[in-house]
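Architecture at a glance
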Amino acid sequence: MMSHRITQRRRWLPVLAATIASGALVLSGCTNGATADPSEPSDHTREAESGGDLTMLMYVPTRSFDPADDNTMASTGDATRMSAIYDLLLTLDPVTGEVRPQLAESMTPNDDGSVWTIELREGVEFSDGTPLDAEAVKFTYEHIAEKGIASQARAIESWNMEVTSPLTLQISIPNANMHLDRTVADSLPFIVSPSAVKADPEGFSRAPVGAGPFELSEYVPDDYEVYTVNESYWQEGLPKLDSLRLELVPDAAQRINTIASGAAHVQAPSADADAALLENAVSQGLSYFEVEQNGGGWIYMNNERPPFDDERARRAMYLALDRTELTQVALGSPEATAIETLFVADSQYHEADVRFPDPDPEEAQRLFDELAADGKPVDISYINIAGEVNSRAAQFIQAKLAEFENVSVEIETLDVTAGRERVFVDRDYDMSPYPGAYKFPDPEPGLYNLLATDALWNTTGYSNTEVDAALAAARATSDPEERREQYRVVQERFMEDLPGLFTFTPTITVIAEPSVTGMTYNARGVVSWPEVGFAAE
């Protein structure tokens, strides 16, 4: 059984169980308007009817429509915008970790995982009329590598790509990986039109061309975009919507109130659930559901400089902080739970006896004193990423650590863009939260990229040769038992080294007015747009 746990609020539990069984997650409702009676039964089986103009509220400004410029693939940012333009080559299920084809018909390995073959659907065209073929996929990945901004650029540079037929691309990789399809689905799902990029290399990031269900027709930076139907979209009868508007509303409460007022219909799927806002949404007649995943709220500790280059300082954080209390304060709910193991209980990789340390204030103080005596006081620069959940967590940590001697916390709050530059690019920080939650429905590629030395998102700078070897061995096999053995090693070493601080149990949450239906998304919460629409009256 693949790892998953589902929690659903209000009236959607039956339909969610049904849709999980059919391999899809669908946001569904049938009453129209934000004032629907919560006690009214709903028919959640209806598909979206054709037509309608939907407005989704976004969290962060648009930076670029070129996937070569996106280093995060975040659902709340550019990736959900690009999904409308490009569609998804493959999709990674947020619950099971299963890879499903979309623009591609398949992606399969040879016997040892050193060569992968992508087979594309016949007849798919970009909106400029050129074919989405194997040459286009190869061009896209070379384009990403050439720009060198996206996280996968370095990995692509090591690939040898060969077009063996118009619809077939072979990728040879230097190190065996039986799970490369998960990496492509997770981080490389968008394919650009080579003709459009070559025609205007500088302007493509503002005038993109893809093979997705919509075309970008209007773009007002830092405000909104309007997308209209791609008449040559490859799936007959789709998309359901006539148009799509993505509008920037950074303030979380304002997003809820805007949807409740009828001025918008849904907000982008998010990985940090503020309980107070969810309750506010329900009180105003809106609906939401959440999908629980492996991983958790994650606070980086910089292992490459003092104080967290010393394992004692990292362990002292776990011992000084009651993570359950931290989680409840951060999420604003006494029902919120802290992550206790790296994998949730129904995961095949769950190890119940390999747990995060329990709080122990006396031992924490002993470690703080010992570090101070060694000339290594724990004076922390905490780079907070703006947002209610992040800010409450930062303030809790600062206040809690103030109860100890020989430790201090200075908080600096930055917006998302500046925070990403400071933490992910410059790595100039001691502690800083990952925006949302760090999730991995399957340990490939998420856990590998978090912990392996020189991995794409190893922002802590953590390095352990045993962890590297176990992650590589698990990557090289598809045998479930061998993978479980290797991931147990990873979990055991993690609990010894504690390279970062895991906090709350992660979820992907969607808030919408009840008539919105047909929404599916990948493991990062990036929306797949073709089926999204409004249920019939």
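Calculation notes
Residues numbered from 1 in each chain as written. Predicted model: local features only at pLDDT ≥ 70, side-chain atom pairs only at ≥ 80, totals over all residues. Heavy atoms only, no water. Helix = DSSP H or I, 4+ residues; strand = E, 2+ residues; numbered from the N terminus. Rg over C-alpha atoms; globule rule 2.2 N^0.38 Å. Buried < 20%, exposed > 50% of the residue type's maximum accessible area, 1.4 Å probe, protein only. Contact = heavy atoms within 4.5 Å. Pairing = 2+ DSSP bridges. Salt bridge = Lys/Arg side-chain N within 4 Å of Asp/Glu carboxyl O. Arc of directions from axis to C-beta. Phe/Tyr/Trp six-rings, centres within 6.5 Å; stacked < 30°, edge-to-face > 60°. Lys NZ or Arg CZ within 6 Å of the ring centre and 35° of its normal. Patch = residues over 30% accessible without salt bridge, like charges linked within 9 Å, V, L, I, M, F, W, Y side chains within 5 Å. Areas by Shrake-Rupley, 256 points an atom, 1.4 Å probe, with all protein chains shown as cover. Lys, Arg positive; Asp, Glu negative; His and termini not counted. Charge placed at Lys NZ, Arg CZ, Asp CG, Glu CD. Core = buried A, V, L, I, M, F, W, Y, C linked by side-chain atoms within 4.5 Å. Axes fitted to C-alpha atoms, helices over the stretch in contact; angles between N-to-C directions. Left-handed = near helix turned anticlockwise from the far one by under 90°. Nonpolar A, V, L, I, M, F, W, Y, C, P; charged D, E, K, R; others polar.

Looking only at helices and strands, the protein chain has 16 helices and 26 strands in total. For the protein chain, whose C-alpha radius of gyration is 23 Å, the value lies close to the compact-globule estimate of 24 Å for 537 residues. Residues classed as buried in the protein chain amount to 59% of the 537 residues present. Long-range contacts, defined here as pairs at least 24 residues apart, represent 72% of the contacts in the protein chain between residues at least 6 apart.

To continue, consider unusual backbone geometry. Here the amide bond leading from P306 into P307 is cis, since omega sits at 0°, within 30 degrees of zero. In this structure, P307 sits in the loop between strand 16 (298-301) and helix 9 (311-320). Not every positive phi belongs to a glycine, and N406 is a case in point at roughly 65°. Locating N406 in the fold gives a position in the loop between helix 12 (388-401) and strand 18 (407-414). Since its relative accessible area comes to 36%, N406 is described here as partly exposed.

In space, the three strands of this open sheet follow the order 2-26-23, with antiparallel pairing throughout. Bordering the open sheet on either side are strand 2 (48-49) and strand 23 (516-517), each of which pairs with just one other strand. The sheet contact formed by strand 23 and strand 26 (residues 533-535) spans two bridges and is antiparallel. Bridged to T517 within strand 26 is G533.

Let us look at the pattern of salt bridges. According to the stated counting rule, one finds 36 salt bridges in the structure shown. Close ionic contact of E311 with R315 constitutes a salt bridge, the shortest N to O distance being 2.7 Å. Residue E311 and its partner R315 are both found in helix 9; the two are separated by four residues, about one turn of the helix. The structure contains a network of salt bridges with shared partners spanning E351, D353, E466, R484, R488, E492, R493 and E496.

Those residues of helix 8 (residues 275-283) that sit buried are A275, L277, L278 and A281. Considered in projection along helix 8, the buried side chains sweep an arc of 160° and stay on one side of the axis. Away from its buried face by more than 90 degrees, helix 8 exposes E279 and S283. Where helix 8 ends, the next residue or the one after it, G285, has phi of about 90°, a positive value.

Turning our attention to helix 15 (residues 465-475). Where helix 15 is concerned, the buried positions are V467, A470, L471, A474 and R475. Each buried residue of helix 15 lies within a common arc of 135° when the element is viewed along its axis, so the set occupies one face.

With that settled, the discussion passes to the environment of T337. If you trace the backbone, T337 turns up in the loop between helix 10 (323-331) and helix 11 (361-373). You can call T337 partly exposed: its relative accessible area is 45%. Residues T337 and T327, 10 residues apart in the sequence, show an inter-C-alpha distance of 6.4 Å. Those residues within four positions of T337 in sequence are excluded, and the remaining contacts are T327, F504 and T505.

Evaluated as defined, the whole model comprises 21 aromatic pairs. Arranged with centres 5.9 Å apart and planes meeting at 55°, the rings of Y233 and W234 form a pair that is tilted. When its relative accessible area of 8% is taken as the criterion, Y233 is described as buried. The class of W234 is partly exposed, set by a relative accessible area of 25%. It is R245 that lies over the ring of Y224; its NZ or CZ is 4.0 Å from the centre. For the cation-ring pair, R255 lies above Y59, with the distance from its terminal atom to the ring centre recorded as 3.6 Å.

The next thing to look at is a negative patch on the surface. Together, D479, E481, E482 and E485 give the surface a local cluster of negative charge. Looking at the element boundaries, E482 is found in helix 16 (residues 480-497). The partly exposed category is assigned to E482, whose relative accessible area is 33%.

Turning our eyes to something else, we now look at the nonpolar core. Counting 76 residues, the largest nonpolar core has L54, M56, L89, Y141 and W529 as the members making the most contacts within it. A total of seven residues in this core trace back to one element, the largest contributor, which is helix 3 (residues 134-147). Beyond its immediate sequence surroundings of up to four residues, W529 is in contact with L54, M56, T80, S83, A84, P213, F214, L244 and L246.

For the rest of this paragraph, the subject is the packing of helix 14 (residues 443-451) against helix 16. In contact at an axis separation of 13 Å, helix 14 and helix 16 are set at 30° when each is read in the N-to-C sense. Where helix 14 crosses over helix 16, the two elements pack in a sense that is left-handed. Every residue of helix 16 that contacts helix 14 at P443, E444, L447 and L451 is listed here: R483, Y487, V490 and F494. Residue composition of the contact of helix 14 with helix 16, grouped by class: six nonpolar, no polar and two charged.

Below, the discussion takes up the pairing of strand 11 (residues 224-229). In regular strands, side chains alternate between the two faces of the sheet. Taken across its six residues, strand 11 has five buried, putting it largely inside the fold. In this structure, strand 10 (residues 214-220) lies alongside strand 11, joined through six bridges in antiparallel fashion. In the sheet register, V220 faces strand 11, and the bridge partner there is Y224. The pairing of strand 11 with strand 12 (residues 243-248) spans five bridges and is classified as antiparallel. The residue bridging E225 from the neighbouring strand is L246, located in strand 12.

With respect to the helices and strands, the residue N384 is situated in strand 17 (residues 378-385). Among all residues touching N384, those that are not within four sequence positions of it are N390, S391, A394, I411, E412, T413, L414 and P433.

This part takes up the sheet that holds strand 8 (residues 160-165). One open sheet accounts for four strands, arranged 6-7-9-8; its pairing is antiparallel. In this open sheet, the two edge strands, each paired with only one partner strand, are strand 6 (104-109) and strand 8. Each adjacent strand pair in this sheet contributes to an overall mean axis angle of 20°, direction not counted. Of the strand pairs in this sheet, strand 8 and strand 9 (residues 168-172) are connected by five bridges, and their pairing is antiparallel. Following the sheet pairing, E162 is matched in strand 9 by Q170. Across the sheet, helix 3 is in contact with strand 7 (115-120), strand 8 and strand 9; its angle to strand 8 comes to roughly 170°. Of the strands in this sheet, strand 6, strand 7 and strand 9 touch helix 5 (residues 180-187), which is tilted by about 140° from strand 6.

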